[in-house]
Amino acid sequence: MTASLKAINGNGDLPALMNELAAGARAAARVLSLAPPGQKDRALEAMERTIRANAAAILAANAEDIADVRSSGATGAFIDRLTLTQARIDAMADGIATVREIPDPVGVVTESWQRPNGMVIERVRVPLGVVAVIFESRPNVTADAGVLCLKSGNAVILRGGSDSFRSGRAIHQCLVQGLQEAGLPEASITLVPTRDRAAVGLLLSGLNGGIDVIVPRGGKSLVARVEAEARVPVFAHLEGVNHVYVDQAANLEMAKSIVLNAKMRRTGVCGAAETLLVDRASANANLKPLVETLIDAGCEVRGDEVVQRIDARVKPASDEDWDAEYLDAIIAAKVVDGVDGAIVTEDANTARKFLNEVDSAIVLHNASTQFADGGEFGFGAEIGIATGKFHARGPVGVEQLTSFKYRVHGTGQTRP
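So, here's what we can say about the structure. (Residues numbered from 1 in each chain as written. Predicted model: local features only at pLDDT ≥ 70, side-chain atom pairs only at ≥ 80, totals over all residues. Heavy atoms only, no water.)

## Re the overall build of the protein
Alright, step 1. Counting its secondary structure elements, the protein contains 14 helices and 15 strands.
Alright, step 2. Referenced to the eigenvectors of the C-alpha coordinate spread, the extents of the protein come out at roughly 70 × 65 × 40 Å.
Alright, step 3. Sorting the 416 residues of the protein into buried and exposed places 49% on the buried side.
Alright, step 4. Long-range contacts, defined as pairs at least 24 residues apart, comprise 71% of the intrachain contacts of the protein with a sequence gap of at least 6.
Alright, step 5. Split by element, the accessible area of the protein, about 18,700 Å² in all, is 50% carbon and sulfur. (Helix = DSSP H or I, 4+ residues; strand = E, 2+ residues; numbered from the N terminus. Buried < 20%, exposed > 50% of the residue type's maximum accessible area, 1.4 Å probe, protein only. Contact = heavy atoms within 4.5 Å. Areas by Shrake-Rupley, 256 points an atom, 1.4 Å probe, with all protein chains shown as cover.)

## Considerations on the nonpolar core
Alright, step 1. Counting 69 residues, the largest nonpolar core has Met47, Ile51, Val133 and Ile214 as the members making the most contacts within it.
Alright, step 2. For this core, the element with the highest residue contribution is helix α2 (residues 14-34), accounting for nine residues.
Alright, step 3. Not counting chain neighbours up to four residues away, the residues in contact with methionine 47 comprise Ile96, Val147, Leu150, Cys174, Leu175, Gly178, Leu179 and Ile189.
Alright, step 4. If you look at the next biggest cluster of nonpolar residues, it comprises 24 residues, including Ala255, Val291, Val314 and Ala333. (Core = buried A, V, L, I, M, F, W, Y, C linked by side-chain atoms within 4.5 Å.)

## Regarding the packing of aromatic side chains
Alright, step 1. By the definition in use, this model includes two aromatic pairs.
Alright, step 2. Here tryptophan 113 and tyrosine 406 contribute two aromatic rings whose centre-to-centre distance is 6.3 Å and whose plane-to-plane angle is 75°, an arrangement assigned as edge-to-face. One end of the pair, tryptophan 113, is in strand β1 (residues 109-114); the other, tyrosine 406, is in strand β15 (residues 402-409), with 293 residues separating them in the sequence.
Alright, step 3. Owing to a relative accessible area of 33%, tryptophan 113 belongs among the partly exposed residues under this scheme.
Alright, step 4. We classify tyrosine 406 as partly exposed; its relative accessible area is 47%. (Phe/Tyr/Trp six-rings, centres within 6.5 Å; stacked < 30°, edge-to-face > 60°.)

## Re the pattern of salt bridges
Alright, step 1. A full pass over the atoms with the stated rule returns 27 salt bridges.
Alright, step 2. In this structure, glutamate 300 and arginine 302 form a salt bridge, with 2.6 Å as the shortest nitrogen-oxygen distance.
Alright, step 3. We classify glutamate 300 as partly exposed; its relative accessible area is 22%.
Alright, step 4. Between arginine 302 and aspartate 321 there is a salt bridge; the shortest N-O distance is 3.0 Å. In this pair, arginine 302 is assigned in strand β9 (residues 300-303) and aspartate 321 in the loop between β10 (315-316) and β11 (330-336), connecting sequence segments 19 residues apart.
Alright, step 5. For arginine 302, a relative accessible area of 22% puts it in the partly exposed group.
Alright, step 6. You can call aspartate 321 buried: its relative accessible area is 5%.
Alright, step 7. What emerges from the salt-bridge pattern is a single network uniting Glu48, Arg52, Asp94, Arg100 and Glu101. (Salt bridge = Lys/Arg side-chain N within 4 Å of Asp/Glu carboxyl O.)

## Topic: the sheet that holds strand β3 (residues 130-135)
Alright, step 1. Taken in spatial order, the four strands line up as β5-β4-β3-β6 in an open sheet, and their pairing is parallel. In this open sheet, the two edge strands, each paired with only one partner strand, are β5 (189-191) and β6 (213-217). On average, each strand axis in the sheet is tilted by 20° relative to the strand beside it, whichever way the strands run.
Alright, step 2. Each of β3 and β6 is contacted by helix α10 (residues 220-229), which is oriented at about 165° to β6, the strand it contacts most. (Pairing = 2+ DSSP bridges. Axes fitted to C-alpha atoms, helices over the stretch in contact; angles between N-to-C directions.)

## Some remarks on unusual backbone geometry
Alright, step 1. Residues other than glycine seldom take positive phi values, yet leucine 207 does so here, at roughly 50°.
Alright, step 2. Following the sequence through the fold, leucine 207 ends up in the loop between α9 (198-204) and β6.
Alright, step 3. If you check the backbone angles, asparagine 208 has positive phi at about 55° while not being a glycine.
Alright, step 4. Tracing the chain through its elements places asparagine 208 in the loop between α9 and β6.
Alright, step 5. Since its relative accessible area comes to 73%, asparagine 208 is described here as exposed.

## Examining a nonpolar patch on the surface
Alright, step 1. A cluster of nonpolar residues, Trp113, Phe404, Tyr406 and Val408, forms a patch on the protein surface that exposes about 390 Å² of accessible area.
Alright, step 2. Of all the elements, β15 adds the most residues to the nonpolar patch, at three residues. (Patch = residues over 30% accessible without salt bridge, like charges linked within 9 Å, V, L, I, M, F, W, Y side chains within 5 Å.)

## As for the environment of alanine 16
Alright, step 1. For alanine 16, the position within the fold is in helix α2.
Alright, step 2. Here the alpha-carbon distance between alanine 16 and cysteine 174, two residues 158 residues apart in the chain, equals 26 Å.

## What to know about empty space enclosed by the protein
Alright, step 1. Counted under the stated rule, the structure contains one cavity of 30 Å³ or more.
Alright, step 2. In this structure, the largest cavity occupies an estimated 60 Å³ of space.
Alright, step 3. As for the largest cavity, its lining consists of Phe135, Thr142, Gly160, Gly161, Ser164, Phe165, Gly168, Arg169, Leu191 and Val192.
Alright, step 4. With three residues, helix α8 (residues 165-182) is the largest single contributor of residues to the lining of the largest cavity. (1 Å grid on protein atoms, 1.4 Å probe; cavity = no way out; pocket = protein on both sides within 12 Å on 5 of 7 lines; lining within 4 Å. Points joined across faces, edges and corners; volume = space filled by probe spheres on them.)

What follows is the structure, given as structure tokens:
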């Protein structure tokens, strides 16, 4: 604790502090890997209860963070990602309750078979070890990542953004209380106690083997840095550039509802739609109502020549708009001859072709892109959305935070 306080005051040896945190997490991971499900669930129950009981303190800390970023001229989308409300705290606590109800994955035998020589081989789920999560403005990641790692038997080191420092600390205190009540090591969920950006580089180094995997939660520059510098495996995600394609067989009223929700429900989340694609075969009937719905809701539409002609309020789109992640009330729109991103159609064959052929971690048929979220998948929360193809893909929940080992049971067999 002394080292942590020195680091907060800017007087400590940061590399020594980070190595100390990693050593503590490594020791906690060994305990968690053997902790019975009931003990972990008791900790989760206490965390949920403590977060609900301390909502006022969390909101007060968050208000201080918001006041700071407002004075620095932060965008509305950034402030939305940072902002906690009573409803969002309730959702955080509800997520912990859902995670608690998920079957414990550790020790589950996923496959078992017997060889001709009589040996029995089992494939068994095991924790990853120590997970480092580097995130930016969303303070709820503190709870999401902490409880998912705990449930899956992993220790976690959390390095939140400096903008959400107070909020994250208030939430973390609730998690620590839950660990204490269940008799689990406090280092099971560690929050880096400093705003010093050098802490990120030290985490990326792997801290002398103290970290097993890194998860970045943030913008393009953070993810790029993590992928370039990390000395340990990374669960990485690219930008959340979500496309909604409205097919010629779409129900127009359904399409309007989905497009509006996908873009405007929360514009600052990675599941927000950024591009609207309308099938040329139905553009005469569908394009104008869709564009008008968005503009009337306060969304800026940037379109190709066809889209610009149907409404004078549409602004011309540049080449950069077609792969932009706005995280704001802006959408790019064009008329196309194919499908991409997410689809709205009543034609089963078209939907089947789309779902089978689009190479994406998540594809949706007749649903808002805002459902691209671990909580909405029934995972309770997510530690991130992995867009790669190795180990984990899509929302990373409890099951995805485990690996496996093979247990081989013999009766004295030797290999000739």
